[in-house]
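If you want the building blocks of each chain, they are given just below.
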Amino acid sequence: MKRTRRTWVGTALVCLLAAAACRDTDDAVPRLDIEVLATHRHDLGAFTQGLEIDGEVLYESTGMVGFSGVRTTDRATGAELARVQLPPPFFGEGITLAGDTLWQLTWKEGVAFARDPRTLAEKRQVRYKGEGWGLCSRNGQLVMSDGSAGLTFRDPVTFAPTGSVALTDHTDARLNELECADDGSVYANSWPSDEILRIDPETGRVLAVVDATGLLSPAERAQTDVLNGIAQIPGTDHFLLTGKYWPTVFEVRFVPA
């Protein structure tokens with residue numbers, strides 16, 4: 001085709017408009033920073049996979065074969081209330097409380113453990129397909145991640161899948177630990193980054209991106225693994241954040257960048 005000046009101008013205009021549209025899309029997703037409100041000691045041996053708060057009780061699940069388990073602590077005193085370990089070859093992942101059941105995922109074993117929330121005793125096991133990463137509970141359903149850019153919804157009693165949604169942007173994200181927030185959104189650690197995505201679980205749209213870099217010093221970060229572990233303190237806009245082998249649990253608020 002003969003390339004006239006009009007054709008070149010038209011092509012250039014399309015490219016400029018497309019680039020502007022891309023910039024508008026990126027700019028439309030708010031960036032949030034972290035305001036640290038308090039710090040708490042964290043077990044350096046905990047390969048954290050999930051955090052959950054119920055009243056004054058903090059639930060934490062841990063991973064790694066031979067070191068996986070669930071523990072509960074008193075948030076006010078830090079005293080351990082209960083603990084269970086997963087035998088090899090299970091690799092523990094996310095947890096969530098749904099009514100009178102605490103659900104615990106495993107990574108590649110395809111088994112979810114239903115536990116008593118107080119004693120952590122196993123009530124039953126349920127099989128599922130694919131990998132298990134993060135888990136949270138909202139509006140009578142469980143929300144689960146599997147390391148992809150999608151979320152799966154599950155029945156809180158049977159654990160059967162009831163639907164799914166894929167992210168409409170950040171489509172290369174690998175969603176890990178989840179928190180179902182009071183406002184209906186889902187916060188997800190984006191593995192292996194220091195970003196947390198705030199997601200509309202109805203549409204898959206990313207509502208905000210939280211920049212969690214700089215919580216640990218360079219020296220601390222050199223001896224730890226990735227950010228993982230997020231739990232909203234009920235009735236507040238405060239969240240607890242930590243990571244795998246981190247020395248600290250941070251109480252934070254998300255603020256405009």
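Everything discussed here concerns the structure shown above.
Residues numbered from 1 in each chain as written. Predicted model: local features only at pLDDT ≥ 70, side-chain atom pairs only at ≥ 80, totals over all residues. Heavy atoms only, no water.

Helix and strand content of the protein: two helices and 20 strands. Residues classed as buried in the protein amount to 49% of the 257 residues present. Relative to all contacts within the protein whose residues are 6 or more apart in sequence, the contacts with residues 24 or more apart total 47%. Summed over its atoms, the accessible surface of the protein is roughly 12500 Å², and 54% of this surface lies on carbon and sulfur atoms. (Helix = DSSP H or I, 4+ residues; strand = E, 2+ residues; numbered from the N terminus. Buried < 20%, exposed > 50% of the residue type's maximum accessible area, 1.4 Å probe, protein only. Contact = heavy atoms within 4.5 Å. Areas by Shrake-Rupley, 256 points an atom, 1.4 Å probe, with all protein chains shown as cover.)

Counted as a void, the largest pocket has a volume near 480 Å³. Around the largest pocket sit 18 residues that line it, and His40, Arg41, Leu58, Thr73 and Gly78 are the ones nearest its centre. At the level of secondary structure, the elements contributing two or more residues to the lining of the largest pocket comprise β1 (31-41), β3 (57-62), β4 (69-74), β5 (80-85) and β20 (248-256). Here the lining of the largest pocket is built from residues that sort into four nonpolar, five polar and nine charged. The calculated volume of the second largest pocket comes to roughly 260 Å³. In terms of lining residues, the second largest pocket is bounded by 15 residues, among which Glu52, Ile53, Ser137, Glu179 and Cys180 are the most central. Those elements that place two or more of their residues in the lining of the second largest pocket are β2 (48-54), β6 (92-98), β10 (135-138), β14 (175-180) and β18 (227-232). (1 Å grid on protein atoms, 1.4 Å probe; cavity = no way out; pocket = protein on both sides within 12 Å on 5 of 7 lines; lining within 4 Å. Points joined across faces, edges and corners; volume = space filled by probe spheres on them. Nonpolar A, V, L, I, M, F, W, Y, C, P; charged D, E, K, R; others polar.)

This brings us to the state of the cysteines. Linking two cysteines covalently through their sulfur atoms gives a disulfide. Within the structure shown, the criterion is met by one disulfide. The side chain of cysteine 136 participates in a disulfide bridge whose partner is cysteine 180; the two sulfur atoms lie 2.0 Å from each other. A torsion of 60 degrees about the S-S bond marks the disulfide between cysteine 136 and cysteine 180 as right-handed. With a gap of 44 residues between them, cysteine 136 in strand β10 and cysteine 180 in strand β14 connect regions that are remote in the sequence. The exposure class of cysteine 136 is buried, given its relative accessible area of 1%. The class of cysteine 180 is buried, set by a relative accessible area of 10%. (Disulfide = S-S within 2.5 Å.)

For strand β8 (residues 111-115), the tally of buried residues reaches five of five residues, placing the bulk of the element in the interior. Judged by which residues are buried, β8 turns out to be covered on both faces: Val111, Phe113 and Arg115 on one side and Ala112 and Ala114 on the other are all buried. Counting the residues between successive antiparallel strands, the hairpin from strand β7 (residues 101-106) to β8 contains four residues, one of them, glycine 110, with a positive phi of roughly 70 degrees. Examined bridge by bridge, β8 and strand β9 (residues 122-127) share five bridges and lie antiparallel to one another. From the neighbouring strand, phenylalanine 113 faces β9, where its bridge partner is glutamine 125. Once β8 ends, the chain turns through six residues before running back antiparallel as β9, passing leucine 120 with a positive phi of about 70 degrees. (Pairing = 2+ DSSP bridges.)

Where burial is concerned, most of strand β17 (residues 206-211) is hidden: five out of the six residues are buried. Of the strand pairs in this sheet, β1 and β17 are connected by two bridges, and their pairing is parallel. Its bridge partner being in β17, leucine 32 is matched across the sheet by valine 210. Where strand β16 (residues 195-199) meets β17, five bridges bridge the pair, whose relative direction is antiparallel. Paired with leucine 197 across the bridge in β17 is valine 209.

Turning our eyes to something else, we now look at the environment of proline 117. As for its position among the elements, proline 117 is in the loop between β8 and β9. In this structure proline 117 comes out as buried when scored by relative accessible area, which is 16%. Sequence-distant contacts of proline 117, that is, excluding residues within four places in its chain, are made with Tyr59, Thr72, Leu97, Gly99, Asp100, Thr101 and Leu102.

To continue, consider the packing of aromatic side chains. The way to describe two aromatic rings as a pair is by their centre distance and the angle between their planes. With the rule as written, the count across this model stands at 11 aromatic pairs. The lysine or arginine in question, lysine 108, covers the ring of tryptophan 107, its NZ or CZ lying 4.4 Å from the ring centre. (Phe/Tyr/Trp six-rings, centres within 6.5 Å; stacked < 30°, edge-to-face > 60°. Lys NZ or Arg CZ within 6 Å of the ring centre and 35° of its normal.)

Turning to the sheet that holds β14, a few remarks are in order. On the basis of which strands lie adjacent, the open sheet formed by eight strands has the order β14-β15-β16-β17-β1-β20-β19-β18 and mixed pairing. Strand pairing shows two members of the sheet lacking a second neighbour, β14 and β18, which therefore form its edges. Adjacent strand axes in the sheet meet at a mean angle of 30 degrees when their direction is disregarded. Bridge count between β14 and strand β15 (residues 186-190): four bridges; the pairing is antiparallel. Each residue of the ladder has a partner; that of leucine 175, found in β15, is serine 190. (Axes fitted to C-alpha atoms, helices over the stretch in contact; angles between N-to-C directions.)

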